[in-house]
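# Structure assessment
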Protein chains: 2
Amino acid sequence: MAAPCFQTIMPPIWIDENDQFVAKIMGQFADDGVARRMVAAVKERIHSGAYRPGDRLPSTRAFAAEWGASRTTVTAAYGQLISEGYLVTRQGARATVAEGLLAPPTRGDPKRDHPRTLSAFGRRLLELPPPAPTLDHPVADFRYGDLAASDFPVLAWQRAMKAAVLRREPRLRYADPLGSTALRTALRGYLWRARGIACTPDDIIVVNGSQQGLDLCARLLLDPGDPFVMENPGYILARHAFLAAGGTAIPAVVDTEGVTTDGLPPARLAYVTPSHQYPLGSVLSASRRRALVSWAERVGAVIIEDDYDGEYRHDVAPIPPLQTLEPDLVIYVGTVSKTLSPTLRLGYLVVPPALRVAFAEAKRLTDRHTPLLEQEALAAFLEDGTYERHVRAVRRKNAERRGALLAALSAAFGPVVRVEGAETGLHLVAWFDGMPAGEEPALAAAARKAGVGLHPVGPLYDPTRIRPASAGFVMGYAGLGTDAVARGVSALVKVIGRGGSGHFRP
Amino acid sequence: MAAPCFQTIMPPIWIDENDQFVAKIMGQFADDGVARRMVAAVKERIHSGAYRPGDRLPSTRAFAAEWGASRTTVTAAYGQLISEGYLVTRQGARATVAEGLLAPPTRGDPKRDHPRTLSAFGRRLLELPPPAPTLDHPVADFRYGDLAASDFPVLAWQRAMKAAVLRREPRLRYADPLGSTALRTALRGYLWRARGIACTPDDIIVVNGSQQGLDLCARLLLDPGDPFVMENPGYILARHAFLAAGGTAIPAVVDTEGVTTDGLPPARLAYVTPSHQYPLGSVLSASRRRALVSWAERVGAVIIEDDYDGEYRHDVAPIPPLQTLEPDLVIYVGTVSKTLSPTLRLGYLVVPPALRVAFAEAKRLTDRHTPLLEQEALAAFLEDGTYERHVRAVRRKNAERRGALLAALSAAFGPVVRVEGAETGLHLVAWFDGMPAGEEPALAAAARKAGVGLHPVGPLYDPTRIRPASAGFVMGYAGLGTDAVARGVSALVKVIGRGGSGHFRP
């Protein structure tokens, strides 16, 4: 993010070879190049003090003669200077230099000046840890959230985009902040078929990926100082969104039945991943589900249910969402980032009726609505069954990748590695019980040097609580071919050592 | 937004004809339909109290016989119930109903319960006036911001989208929150050629239309109670974004030289439209530009320069943006909503170096990044000159529409109408000096009945200040054919009356 500064280069009005191009693009002048140079020259004389406020300019005839140009050109240039306020003119009189044109202000030190202008939100934002850098040409990056581009249904998506462009209305206008009616109707059907969610299209709001959904929840439900319940460990960008809004995290321990609900204090909201806890992979048990809903009802909290990879259950059928238990208390968050592409930025919320207007208005003020063409393309995808066929296809592929990763880890590390949460989703957690948690950052750095993206669980734990003693890593596999999985694990053996306490010592 | 409630309909696992479909989509069971019905039946018995916590379930053999199904199917169903936490099992023993399964909680009244959960931001949002409703099949809607769909370069955009899909990386991963490097590089060149802005690609952040840019500014620069300077009249969704963030508006009067700068009190930011004041159309004079920059420097404010239609100067060349005067104090806001389509949701900010990290982090937490395919398509559009050719073409078309509107207004109303700000942009303001401002809402309602979208200037004025005594309307023309312009104005004659004090009386 270094910022070489181009300020000293002259603006393009000084550059001859550019003039014709600029004139073609922007100008309505008879001879735009000359007029632009005249405008610039007059401004320069004003800025340098050669022309002073109140000074009369040469007549258009004299100026034209001086420049060897037509009077039309001078008139156009003077008109421009008048419209910019450099010159003033009275009926019949010659143009004069306007009053109040000061010398350019001297600059302060922006680095020193600007921080004072940041809001509390902005300051909180800058206190959050930055994301891990991306590897450019990795042997294998096990970053969770990446998908293989070869899984993307290029032709079908192009077809759907083309149909969406042709289906357009006679006018292009800002659309419904809730999202395209076609998409919300199609999503209603999909949520009913695939997840057993019974809602109307008006309960759905289309957002730019689940992150925008979480951010809208943070803004609408949290004031500075408000407590929010957060799974520990949990999804870091959810925690960050709530912390940036000024919330105070109440970490809730996660075990094999999902997030624990005993003794939860009052809070404004609870963020949970009941179908597949991120990152540990447990499924929230039925009794915990009921306890969580009862707690929310008692304390007046809203539950945010992030169903980020509900489509991927390898061994058992998908679990019905919490939302089906208590639609008035639960905001359901869905996304196509794990089935189509994270770069499309398409997600959706199912919002309780009482919160709908607030979400619609927040979305409208935030960015009007989600881009329309891609919404319509997704609607077509859902309507004709392409989406569900695609989900079945990528589920098979990801089951293969998962198998390859499990086999490679087992072959490479044997009993030294303990795998958690591989039953569902697109990632697992690999624990190295022989290796202390404190070595996670050094291991990740060493893996990085070896071209492997290895992502510690550490940042997913609340920094104020005790975390497990062993080093653990979240390993996503949806972006990797089975060969890359094998190469990546081989490279890790060199970094970690077969014994878990092998030759790596930071 | 009425919400018929589907809660009483059974979820799809009960619907026989759906079963095969659901099974095909989601299941890995041998006979998914039967297993699903088993799962539902057991849950139903637990919820109704027929099975109680600790009860042992029938053996898989007995259950299979009861249902006439295979034991494999029963095992799958039990497995599902165990993974959802309804049943527990110990090695070798029969499954029993889990402890802690309460009856479904009774519902509170969501309408009464929920408002307490809204943040201060949410409550401020709901206090703002709602937007004007949209006309479905208008004779003509003079709503500013609409574009004619026939102006959209369908084929060229499809080509660019197709190229963008094919240009994809081997992995689909969350992209740079600042936006695609290709687009920011292309925008740097465009801003230099077209607007004289000298910046680096790293100074640019791609946003989902200018509204997201304004919202990011509001969040990063304003704390509740902070003053912000706002043109009066001015762009309503900018004012709303700053008010929703908790800011206090300082209205600054607009005259023929743009926003007035005398005696401005300290503020955290100033929102201005220097190239073409919205809605009155004046150009900020050079002396006011310098005064505004000096003020911002003195009080430590940031200037937000919304160059919302800088591409449309019909009579004079475009004015260099404020940003070129003091890049360290000015956030420049640009958009393609007025040149390509408001539904694409593509805009950009040029941000002072000292604020760049804060904007990037805010964008990342807000929605990760703007959708990538459309960024890449716009990059291709800019790189090969298509965008600038397109701008020239639509500028000509909009000049025609503007001519048609001016001619129709003049023919219909003669000296009764006073037109302001028609020199540039895609709208004008029509003042009816014989008609009091208080009649604006009734006139708009009457026009609406006649199928014409007519949009009063009233809401653009700060409600705490005195506004002009005459009724005035913002009339956008970019979404209308010249014939629709003529029809719309004819219809308005019937509503307003030729004399301005004609037959309309509310």
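Counting from 1, residues in each chain are numbered in the order their sequence is written. For naming, the first written chain is A and the first written ligand is 1, with later ones following in the order written. Owing to the predicted nature of the model, reporting of local features is limited to residues with pLDDT of at least 70; listing and counting of side-chain atom pairs is limited to 80 or more, with chain, interface and lining totals taken over all residues. The side-chain numbers reported here are obtained from all heavy atoms of the structure, hydrogens and water having been left aside.

This part takes up the overall build of chain A. Looking only at helices and strands, chain A has 16 helices and 18 strands in total. Exposure categories follow from relative accessible area, calculated using a 1.4 Å probe and restricted to protein chains: below 20% of the type maximum is buried, above 50% is exposed, and the middle band is partly exposed. Within the span of chain A, comprising 506 residues, buried residues form 63% of the whole. Should any heavy atoms of two residues lie within 4.5 Å, those residues are counted as being in contact. Of the contacts formed within chain A by residues at least 6 apart in sequence, a portion of 73% connects residues at least 24 apart. Areas reported as accessible are Shrake-Rupley estimates using a 1.4 Å probe. Residue values count occlusion only from the protein chains shown. Put simply, chain A shows about 18400 Å² of open surface, and 56% of that area lies on carbon and sulfur atoms. Runs of H or I in DSSP of at least four residues are treated as helices and runs of E of at least two as strands, each being numbered from the N terminus.

Further remarks concern the sheet that holds strand 18 (residues 470-476) of chain A. Residue and element names in this part refer to chain A. Only strands that DSSP links by at least two bridges are regarded as paired with each other. Taken together, four strands build an open sheet; the order of strands is 14-15-18-17 and the sheet is antiparallel. Whereas interior strands pair on both sides, the edge strands pair on one side only; in this sheet they are strand 14 (417-420) and strand 17 (455-456). As judged from the two bridges shared by strand 17 and strand 18, these two strands associate in the antiparallel manner. Bridge pairing in strand 18 places H455 opposite V474. Angular values range over 0 to 180 degrees, each being the angle between N-to-C directions of two axes fitted as lines to C-alpha atoms, with helices fitted over their stretch in contact. Each of strand 15 (427-436), strand 17 and strand 18 is contacted by helix 15 (residues 440-449), which is oriented at about 45° to strand 18, the strand it contacts most.

All names here are of chain A. Orientation of helix 3 (residues 60-67) relative to helix 4 (residues 71-83), taken along the N-to-C sense of each, is 110°, at an axis distance of 8 Å. Taken together, the axes of helix 3 and helix 4 are roughly perpendicular relative to one another. Regarding helix 3 and helix 4, the two cross each other, and that crossing is right-handed. Two secondary-structure elements touch here, helix 3 through T60, R61, F63 and A64 and helix 4 through R71, V74, T75 and Y78. Note on residue categories: nonpolar means Ala, Val, Leu, Ile, Met, Phe, Trp, Tyr, Cys or Pro, charged means Asp, Glu, Lys or Arg, and polar means any other residue, Gly included. Here the residues of the contact of helix 3 with helix 4 sort into four nonpolar, two polar and two charged. An angle counts as roughly parallel when it lies under 35 degrees, as roughly antiparallel when it exceeds 145, as roughly perpendicular when it falls between 65 and 115, and as oblique in every other case. By convention, the crossing between two helices is left-handed when the near helix turns anticlockwise from the far helix through less than a right angle, and right-handed when the turn is clockwise.

On to the nonpolar core, then. Within the largest apolar cluster, 212 residues are counted, with the highest numbers of intra-cluster contacts made by W157 of chain A together with W157 of chain B. The contact partners of W157 of chain A, leaving out residues within four places of it in the chain, are F152, L340, L344, L346, E374, A377, L378 and F381 of chain A together with L373 of chain B. By size, the runner-up hydrophobic cluster in this structure holds 32 residues, among which are A412, M435, V489 and I496 of chain B. What is meant by a nonpolar core is a set of buried Ala, Val, Leu, Ile, Met, Phe, Trp, Tyr and Cys residues, joined one to another through side-chain atoms within 4.5 Å.

This part covers the environment of L340 of chain A. Residues and elements named next belong to chain A. Within the secondary structure layout, L340 lies in the loop between strand 12 (330-335) and strand 13 (347-350). For L340, a relative accessible area of 2% corresponds to the buried category. Distance from L340 to R184, taken between C-alpha atoms, is 17 Å for residues 156 residues apart in sequence.

Bringing the pattern of salt bridges into the picture now. Residue and element names in this part refer to chain A. Here, a salt bridge means any side-chain nitrogen of Lys or Arg that lies within 4 Å of a carboxyl oxygen of Asp or Glu. Counting across every chain of the model gives 37 salt bridges over all chains. Measuring nitrogen to oxygen at the nearest pair gives 2.6 Å for the salt bridge that ties R268 to D226. Separated by 42 residues along the polypeptide, R268 in the loop between strand 9 (258-259) and strand 10 (269-272) and D226 in the loop between helix 9 (209-221) and strand 7 (227-232) bring together distant segments of the chain. Here R268 matches D226 in class, with each residue buried. D367 is the partner of K363 in a salt bridge, and the nearest nitrogen-oxygen pair spans 3.0 Å. On the criterion of helical spacing, the pair formed by K363 and D367 is a turn pair, its members being four residues apart in helix 12 (residues 356-367). A relative accessible area of 0% places K363 in the buried class.

Between Y278 of chain A and the following residue, P279 of chain A, the backbone shows a cis peptide bond with an omega angle of 5°. By the secondary structure assignment, P279 of chain A is in the loop between strand 10 and helix 11 (286-299). With an omega dihedral of 5°, the bond running from N232 of chain B to P233 of chain B counts as a cis peptide bond. Within the secondary structure, P233 of chain B is located in the loop between strand 7 (227-232) and helix 10 (236-244). A positive phi angle is found at R345 of chain B, which is not glycine, with a value near 60°. Among the secondary structure elements, R345 of chain B is positioned in the loop between strand 12 (330-335) and strand 13 (347-350). For R368 of chain B, which is not a glycine, the phi torsion comes out positive at approximately 70°. Examined against the element boundaries, R368 of chain B turns out to sit in the loop between helix 12 (356-367) and helix 13 (372-383). Here R368 of chain B falls in the buried class, since its relative accessible area comes to 14%.

Residue and element names in this part refer to chain A. Taken in spatial order, the eight strands line up as 6-13-12-11-10-7-8-9 in an open sheet, and their pairing is mixed. The open sheet is flanked by strand 6 (204-207) and strand 9, the only strands paired with a single partner. Pairing of strand 10 with strand 11 (residues 302-306) involves four bridges; the strand directions are parallel. Bridge assignment links Y271 to a residue of strand 11, and that residue is I304. Strands strand 6, strand 12 and strand 13 of the sheet are contacted by helix 8 (residues 181-195), whose axis makes an angle of about 105° with strand 6.

Turning next to the packing of aromatic side chains. All names here are of chain B. Within 6.5 Å between ring centres, the rings of Phe, Tyr and Trp (the latter by its six-membered ring) count as paired, and their orientation is classed by plane angle as stacked under 30 degrees, edge-to-face over 60, tilted in between. Taken as a whole and assessed by the stated rule, the structure comprises 24 aromatic pairs over all chains. Seen from their ring centres, Y235 and Y278 are 5.8 Å apart, and the 90° between their planes marks the pair as edge-to-face. Residue Y235 is located in the loop between strand 7 and helix 10, and its partner Y278 is located in the loop between strand 10 (269-272) and helix 11 (286-299); the two are separated by 43 residues in the primary sequence. A relative accessible area of 16% means that Y235 is categorised as buried. The class of Y278 is buried, set by a relative accessible area of 8%.

All names here are of chain B. The span one expects for a helix is its residue count, reduced by one, times 1.5 Å. With 13 residues, helix 4 (residues 71-83) extends 18 Å between its outermost C-alpha atoms, agreeing within 8% with the 18 Å of an ideal straight helix rising 1.5 Å per residue. Restricting attention to buried positions, one finds in helix 4 the residues T73, V74, A76, A77, Y78, Q80 and L81. Among the residues trailing helix 4, G85 stands out with phi positive, at a value near 90°.

Before going further, it helps to examine the confidence of the model for chain A. Residue and element names in this part refer to chain A. Predicted confidence across chain A gives a mean pLDDT of 85, with 86% of residues reaching 70 or more. Contacts from residues 103-115, a stretch scored under 50 in pLDDT, to residues over four places away or in other chains number 24 contacts. The predictor attaches a confidence to each residue, and that confidence, scored 0 to 100, is pLDDT. Segment residues 500-506: pLDDT under 50, and 19 contacts once partners within four positions in sequence are set aside and those in other chains are kept.

Residue and element names in this part refer to chain A. With six of its six residues buried, strand 12 lies for the most part within the structure. Burial along strand 12 is two-sided: the face carrying V330, Y332 and G334 and the face carrying I331, V333 and T335 are both buried. The sheet contact formed by strand 11 and strand 12 spans four bridges and is parallel. Paired with D306 across the strands is V333, a residue of strand 12. When strand 12 meets strand 13, the two strands line up antiparallel, connected through four bridges. Residue pairing across strands places V333 opposite L349, the latter belonging to strand 13.

Here the focus is the environment of V330 of chain B. Residue and element names in this part refer to chain B. Along the chain, V330 turns up in strand 12. Of the residues examined, V330 reaches a relative accessible area of 0% and is grouped as buried. Separated by 20 residues in the primary sequence, V330 and V350 place their C-alpha atoms 8.2 Å from one another. Apart from residues lying up to four places away in sequence, V330 is in contact with I303, E305, L322, Q323, V350 and P352.

Take the pairing of strand 11 of chain A next. Residue and element names in this part refer to chain A. Counting buried positions over the five residues of strand 11 gives five, a clear majority of the element. The two faces of strand 11 match: V302, I304 and D306 on one face and I303 and E305 on the other face are all buried. By convention a crossover is right-handed if, when the strands point away from the viewer, the path from the first strand over the helix to the second runs clockwise. Handedness of the crossover joining strand 10 and strand 11 through helix 11: right-handed.

Time to look at helix 8 of chain A. Residues and elements named next belong to chain A. The end-to-end C-alpha distance of helix 8, which contains 15 residues, comes to 20 Å, matching closely the 21 Å that a straight helix rising 1.5 Å per residue would cover. Of all 15 residues in helix 8, 11 are buried; the element is thus mostly enclosed. Looking only at helix 8, the buried set comprises L183, R184, A186, L187, G189, Y190, L191, W192, R193, A194 and R195. At the N-terminal end of helix 8, a side-chain oxygen is found 3.2 Å from the backbone nitrogen of A182, two or three residues along, and the residue is S180. Here a polar contact means two N or O atoms within 3.5 Å. Within protein one must be a hydrogen donor candidate and the other an acceptor candidate, and residues neighboring in sequence count only if both atoms are side-chain atoms.

Let us look at the side chain of E305 of chain A. Residue and element names in this part refer to chain A. When you line up the elements, E305 lands in strand 11. Although E305 lies buried, it forms no salt bridge, and the closest oppositely charged side chain, R289, sits 4.7 Å away as judged by the N-O distance. One polar contact links the side chain of E305 to the main-chain amide nitrogen of Q323, over a distance of 2.9 Å. The convention is simple: Lys and Arg are positive, Asp and Glu are negative, and His and the chain ends are not counted.

Residues and elements named next belong to chain A. Along the chain, the position of V391 falls in helix 14 (residues 386-413). Residue V391 is classed as buried on the basis of its relative accessible area, which comes to 3%. Sequence separation between V391 and L340 is 51 residues; the distance between their C-alpha atoms is 8.3 Å. V391 has contacts with E311 and T339, leaving out every residue within four places of it along the chain.

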